[in-house]
Amino acid sequence: MSFHSNPPNVGFVSLGCPKATVDSERILTELRAEGYRIAPSYEDADLVIVNTCGFIDAAVDESLEAIGEALDANGRVIVIGCLGAREQVVRESHPEVLAVTGPHAYQEVMAAVHDHLPQPRDPFTSLLPPEGVKLTPHHYAYVKISEGCNHRCSFCIIPSLRGDLQSRMIGDVMQESKRLVDAGVRELLVISQDTSAYGLDVRYRTDFWDGRPLRTDIQTLARSLGELQAWIRLHYVYPYPHVDELIPLMADGLILPYLDMPLQHGSESVLRRMRRPAATEKVLNRLQRWREICPGLVLRSTFIVGFPGETDQDFEGLLDFLRTARLDRVGCFTYSPVHGAAANALPDPVPDALKQERFDRFMEVQSEISREKLADRIGERLTVLVDAAEEDRIVARSYADAPEIDGQG
């Protein structure tokens, strides 16, 4: 068997959310394992893969623009990811792409690569790092524990793009996580579309890791991950009752006292139109109990203002919810229609100018809350994770700050 003297080069563009990033990492790892090289530029690539996002119109536009840029610079492009689930949209704008596949379609992606850029004969798998190819810095990594979602929120098309909930077995997740930590990763960011629902689809089936039987559910996973020598941070956690069982693990220091919960609104009438859980009072009571159990708990969430039918009373209710919940980290979006979403058919759209006015008022209220909560922490001594050591400063984060979405110090 002879050495492949000129292995083929694949360029890669990764767009979208952390779940898409994990898909990109897995595909890059497979490419490297099969002997392909990853090209640093369009000009050096024999073909280019573009992993797209298709969640909102702005993301679709960005993805189509990236595909066009790759075509102009290289000419040979494979499109994958969430926008790839809408192949007609891709091909209407860019009919010359080589192939189109949807999200987490790993075998289909590799088959398309093999069709248009034959696999090297002698892959040197020993050159592959044990943690695989990562797009994040060396010291933190995303661990995706499931695909898809069983919710049918009226503003969201994720289930039509990524399907229903498909949980990975806990043994597979633990094996990947241990391998990452052994390779030097110091923070694992647990992601999915609905982290709280992990294991529901497989009926919490027992799996084995390190010789032990483990139940495939979020509580067992969090407790098992807490045994690793790394920060464990949970994202996209819906405030279901069983999340109560995670809070003592945070209080005991097994996982970070940090929860990222997509609450979306504080008005029950708006939440019903969103097809979201609408028990606002129960959520507030639950947050209070959590803080009593774990006083250092940091809560992060995102909200939508200007949803169809949102009245002045609904918006004031959202602001009241915000003032009562006193969340630590908050993101806000003005509602925009998503192609294929049920919310597009709802009556009483909110004018764009009013959406922006409500966004500004929302952020003003939350900014004051954030300032007060940060002021309360002045004088605390915190363990931090260093993201970068520069010539004149050190960039670091505490447990209260997730990379890319929260603050830095």
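In case you missed it, the structure is sitting above this.
Each chain has its residues counted from 1, following the order in which its sequence is written. Per-residue local features of the predicted model are confined to residues with pLDDT of at least 70, and side-chain atom pairs are confined, for both listing and counting, to 80 or more; whole-chain, interface and lining totals are unaffected and use all residues. Here the side-chain values reflect all heavy atoms present in the structure, with hydrogen atoms and water set aside.

1. A few points about the pairing of strand β1 (residues 9–14)
Here's how the labels work: a residue is buried when its accessible area is under 20% of the maximum for its type, exposed when over 50%, partly exposed in between, all with a 1.4 Å probe on protein chains only. Helix numbers and strand numbers start at the N terminus; a helix is a DSSP run of H or I with at least 4 residues, a strand a run of E with at least 2. Among the six residues of β1, five are classified as buried, and the element is accordingly described as predominantly covered. A pair of strands is treated as paired once DSSP finds two or more bridges between them. In terms of strand pairing, β1 meets strand β2 (residues 37–38) through two bridges, oriented parallel. By the bridge assignment for β2, V10 is matched with I38. Handedness of the β1-helix α1 (residues 18–33)-β2 crossover: right-handed. Crossovers are marked right-handed if the path from the first strand over the helix to the second runs clockwise, as seen with the strands pointing away from the viewer.

2. Overview of helix α2 (residues 57–73)
One less than the residue count of a helix, multiplied by 1.5 Å, gives the span that helix is expected to have. Look at α2: 24 Å from first C-alpha to last across 17 residues, which is about the 24 Å you get at 1.5 Å a residue. Within α2, burial applies to A59, V60, S63, L64, A66, I67, G68, A70 and L71. Structurally, α2 contributes buried residues whose contacts are with β3 (47–52), β4 (77–81) and α3 (87–93). Phi for G75, located one or two positions after α2, is positive at around 95°. Contacts between residues were defined by any pair of non-hydrogen atoms, one from each residue, lying within 4.5 Å.

3. What about helix α7 (residues 218–225)?
Across the eight residues that make up α7, a large majority, seven, are buried. Taken together, the buried positions of α7 are occupied by I218, Q219, T220, L221, A222, S224 and L225. Contacts described as polar in this section are N or O atom pairs within 3.5 Å, which, within protein, must combine one atom able to donate a hydrogen with one able to accept it, while residues neighboring in sequence count only if both atoms come from side chains. At the N-terminal boundary of α7, the capping side chain belongs to D217, with an oxygen 3.2 Å from the backbone nitrogen of Q219.

4. Some points on the pattern of salt bridges
Criterion for a salt bridge: a side-chain nitrogen of Lys or Arg within 4 Å of a carboxyl oxygen of Asp or Glu. Considering all chains together, one arrives at 29 salt bridges under this definition. Salt-bridge contacts for E25 lead to K134; the nearest nitrogen and oxygen are separated by 2.9 Å. Linking E25 in helix α1 with K134 in the loop between α4 (106–116) and β6 (140–144), this pair joins segments that are 109 residues apart in sequence. We note a salt bridge from E268 to R272, for which the minimum N-O separation is 4.0 Å. On the criterion of helical spacing, the pair formed by E268 and R272 is a turn pair, its members being four residues apart in helix α9 (residues 268–274). One connected set of salt bridges, linked through shared partners, spans D23, K144, E147 and R162.

5. Section: the layout of surface pockets
What the second largest pocket holds in volume is close to 740 Å³. Here a cavity means grid points, on a 1 Å grid over the protein atoms only, where a 1.4 Å probe fits yet cannot get out; a pocket means an open set of points with protein on both sides within 12 Å along at least five of seven lines; lining residues are those with an atom within 4 Å of a point. Lining the second largest pocket are 23 residues, with V22, R26, Y106, R168 and E176 positioned closest to its centre. Residue assignment for the lining of the second largest pocket shows that the elements contributing at least two residues are α1, α4, β7 (146–147) and α6 (170–182). The residue classification treats Ala, Val, Leu, Ile, Met, Phe, Trp, Tyr, Cys and Pro as nonpolar and Asp, Glu, Lys and Arg as charged. All others, Gly included, are polar. Residue composition of the lining of the second largest pocket, grouped by class: six nonpolar, six polar and 11 charged. Grid points are joined across faces, edges and corners, and a volume is the space filled by probe spheres set on the points.

6. Looking at the nonpolar core
One finds L188, L221, L259, W290, F303 and F362 to be the most contacted residues of the largest nonpolar core, which totals 55 residues. Of all the elements, helix α11 (residues 312–325) adds the most residues to this core, at six residues. Once residues lying within four places of it in the same chain are set aside, the contact partners of L188 are A141, V143, S177, L180, V181, L225, L228, W231, I232 and R233. Counting residues in each nonpolar core, the second largest holds 19 residues, with A39, V60, V90 and V100 among its members. Residues grouped as a nonpolar core are buried Ala, Val, Leu, Ile, Met, Phe, Trp, Tyr and Cys residues, joined through side-chain atoms within 4.5 Å.

7. Notes on the packing of α1 against α4
Two quantities define a packed helix pair, namely the angle between the helix axes and the distance between the axes. Where α1 meets α4, the axes come as close as 11 Å, and the angle between the chain directions of the two elements is 45°. In terms of orientation, α1 and α4 fall into the oblique class. Crossing handedness for the pair α1 and α4: right-handed. Note on element contacts: α4 touches α1 through Y106, V109, M110 and V113, opposite D23, R26, I27, E30 and L31. Between the N-to-C directions of two axes lies an angle of 0 to 180 degrees, each axis being a line fitted to C-alpha atoms and, for a helix, fitted only over the stretch in contact. Working definition: roughly parallel below 35 degrees, roughly antiparallel above 145 degrees, roughly perpendicular at 65 to 115 degrees, and oblique for all remaining angles. Left-handed is the label given to a crossing in which the near helix is rotated counterclockwise from the far helix by less than a right angle, and right-handed is the label when the rotation is clockwise.

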